[in-house]
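Overview (structure and organization)
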Amino acid sequence: MEEHSQLKRAIIDSSAGAISGGISRTVTSPLDVIKIRFQVQLEPTSSWALLRKDLAAPSKYTGIFQASKDIFREEGFQGFWRGNVPALLMVMPYTAIQFTVLHKLKTLASGSSKSEDHSSLSPYLSYVSGALAGCAATIGSYPFDLLRTILASQGEPKVYPNMRSAYLDIVQTRGYKGLYAGLSPTLVEIIPYAGLQFGTYDTFKRWAMAWNHRYSNTTTGGNLSSFELFVCGLAAGTCAKLVCHPLDVVKKRFQIEGLQRHPRYGARVELHAYRNMFDALSQIIRSEGWAGLYKGIIPSTVKAAPAGAVTFVAYELTSDWLESL
């Protein structure tokens, strides 16, 4: 009976995680495409920086609104969902693995498989559980993340017409290990990112429950509304993204180094341009300034907030719906 209950819980967690991840990724894809274009652009991403450095070579993208207009004019509405297929192939197993591992770790820590019992866990255990779940999910879905970056970073004319051609060029250029290019900074990033996201989400939920208990006249007590879950997820996603963005920039550079890039989108990252993660950080600071580590931070933050909120709300609602079946 216990094994059946655990299997049912695992199916609910993985299904709810996959559905919520797919919804969140599709809704926020336009902002993600703009963010990736900024992160892989070696030239400045603001008109102010361009004037200040007096560069001869102009930047392709110099702001969110300018980038949005350019993408729409050159690629049409579908340009904002470029690379969404590998994104869904990445995010659905990623989120499924993440929530399944997270629930398992919390069950081990609390001694109970009931979600309501997990709210009493200490913040430190929530952070550690979130970080470990994030690592497991990243390793399991990373090649799709890499393909997503490559397809989303290209505009028109396309260098890679589809996911298969990008995959073949990666293997031919960098070998099969190239499918995991940038994994090190990703894992270094995902530990604080996932830890912060899930840890702060649980913390905000506890605060919201305490607020409800103190000021609400209802007897529902610990139950949070969809809006409250949305706000908790929004705050958690924003906090995590602001702290971890520089490592995300480094990851994107590793993912596209040595691959083809159309000249109209600026200089490409040459193969073996960076020796390691620390060398990449120092080179970016030296050639692009500290602002280089925060390229794409505005669309990233704008995206992270609703993405985190949509993911958590969709997960909670889907999980409750599946449990009721």
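Quick notes on the rules
Residues numbered from 1 in each chain as written. Predicted model: local features only at pLDDT ≥ 70, side-chain atom pairs only at ≥ 80, totals over all residues. Heavy atoms only, no water. Helix = DSSP H or I, 4+ residues; strand = E, 2+ residues; numbered from the N terminus. Buried < 20%, exposed > 50% of the residue type's maximum accessible area, 1.4 Å probe, protein only. Contact = heavy atoms within 4.5 Å. Areas by Shrake-Rupley, 256 points an atom, 1.4 Å probe, with all protein chains shown as cover. Expected span 1.5 Å × (residues − 1). Bend = angle between axes of the 7 residues up to and from the residue. Axes fitted to C-alpha atoms, helices over the stretch in contact; angles between N-to-C directions. Parallel < 35°, antiparallel > 145°, perpendicular 65-115°, else oblique. Nonpolar A, V, L, I, M, F, W, Y, C, P; charged D, E, K, R; others polar. Salt bridge = Lys/Arg side-chain N within 4 Å of Asp/Glu carboxyl O. Core = buried A, V, L, I, M, F, W, Y, C linked by side-chain atoms within 4.5 Å. Patch = residues over 30% accessible without salt bridge, like charges linked within 9 Å, V, L, I, M, F, W, Y side chains within 5 Å. Left-handed = near helix turned anticlockwise from the far one by under 90°. Polar contact = N/O pair within 3.5 Å; in protein donor to acceptor, adjacent residues only side chain to side chain.

A few words now on the overall build of the protein chain. Helices and strands together make up the secondary structure of the protein chain, namely 12 helices and zero strands. When the helices and strands of the protein chain are listed from N to C terminus, the series reads α-α-α-α-α-α-α-α-α-α-α-α. Scored against the burial criterion, the 325 residues of the protein chain give a buried share of 52%. In the protein chain, 77% of the contacts between residues at least 6 apart in sequence involve partners at least 24 apart. Counting only carbon and sulfur atoms, one obtains 65% of the accessible surface of the protein chain, whose full area is about 15,500 Å².

A separate point is helix 9 (residues 183-215). Here helix 9 contains 33 residues, and its C-alpha end-to-end distance of 46 Å stays within 8% of the 48 Å for a straight helix at 1.5 Å per residue. When the local axis directions of helix 9 are compared, the greatest deviation, roughly 30°, occurs at Ile190, which is followed within four positions by the proline Pro192.

Once that is clear, we can look at helix 4 (residues 64-75). In this model, helix 4 (12 residues) spans 16 Å end to end at C-alpha, consistent with the 16 Å of a helix rising 1.5 Å per residue. Looking at the buried positions of helix 4, the neighbouring elements they touch are helix 2 (29-40). Residue Gly76 follows helix 4 closely and has a positive phi angle near 80°.

Attention shifts here to unusual backbone geometry. Positioned with a positive phi, His272 is a non-glycine residue whose angle comes to about 60°. Checked against the element boundaries, His272 lands in the loop between helix 10 (226-256) and helix 11 (277-288). Owing to a relative accessible area of 64%, His272 belongs among the exposed residues under this scheme.

Now for the packing of helix 10 against helix 11. Across the interface, helix 10 lies against helix 11 with an axial gap of 10 Å and an inter-helix angle of 100°. Classed by the angle they form, the pair helix 10 and helix 11 counts as roughly perpendicular. Residues Leu247, Val249, Val250, Arg253 and Phe254 of helix 10 touch helix 11, and the partners they reach there are Met277, Ala280, Leu281, Ile284 and Glu288. Its residues assigned to classes, the contact of helix 10 with helix 11 comprises eight nonpolar, no polar and two charged.

Following the criterion strictly, the structure yields 21 salt bridges and no others. Ionic pairing is found between Arg148 and Asp32, a salt bridge with its closest N-O pair at 2.9 Å. Linking Arg148 in helix 7 (residues 123-153) with Asp32 in helix 2, this pair joins segments that are 116 residues apart in sequence. Of the two residues, Arg148 and Asp32, both sit in the buried class. Across the pair Glu74 and Lys60 runs a salt bridge whose closest N-O atoms are separated by 2.6 Å. With a gap of 14 residues between them, Glu74 in helix 4 and Lys60 in the loop between helix 3 (47-53) and helix 4 connect regions that are remote in the sequence. A relative accessible area of 22% means that Glu74 is categorised as partly exposed.

We now examine the environment of Ala136. One can find Ala136 in helix 7. For the pair Ala136 and Ile97, spaced 39 residues apart in sequence, the C-alpha separation works out to 7.1 Å. Sequence-distant contacts of Ala136, that is, excluding residues within four places in its chain, are made with Ile97 and Val101.

Attention now moves to the nonpolar core. Residues Ile150, Ile170 and Val250 are the most contacted members of the largest nonpolar core, which totals 35 residues. Elements with a minimum of two residues in this core: helix 2, helix 4, helix 7, helix 8 (163-174), helix 10 and helix 11. The element best represented in this core is helix 7, accounting for six residues. Counting residues in hydrophobic clusters, the runner-up holds 16 residues, among them Ala133, Tyr201, Ala236 and Tyr315.

Another aspect to go through is a nonpolar patch on the surface. Taken together, the side chains of Phe227, Phe230, Val231 and Leu234 define a hydrophobic patch exposed on the protein surface, amounting to about 350 Å² of accessible area. Checked against the element boundaries, Leu234 lands in helix 10. The class of Leu234 is partly exposed, set by a relative accessible area of 32%.

Here the focus is the packing of helix 10 against helix 12 (residues 297-324). Contact geometry for helix 10 and helix 12: axes closest at 7 Å, N-to-C directions at 140°. As summarised for this structure, helix 10 and helix 12 are arranged oblique, according to the angle between their axes. At the point where helix 10 passes helix 12, the crossing takes the right-handed sense. For the pair helix 10 and helix 12, contact is made by Ser226, Leu229, Phe230, Gly233, Leu234, Gly237, Thr238, Lys241, Leu242 and His245 and by Ile297, Ser300, Thr301, Ala304, Ala305, Gly308, Ala309, Phe312, Val313, Glu316 and Leu317, respectively. Its residues placed into classes, the contact of helix 10 with helix 12 shows 11 nonpolar, eight polar and two charged.

Within the fold, Gln41 resides in the loop between helix 2 and helix 3. Only 2.9 Å separates the side chain of Gln41 from the backbone oxygen of Pro44, close enough to count as a polar contact. Discounting chain neighbours no more than four positions away, the residues touching Gln41 are Ser59, Lys60, Tyr61, Arg253, Arg261, Glu288 and Lys295.

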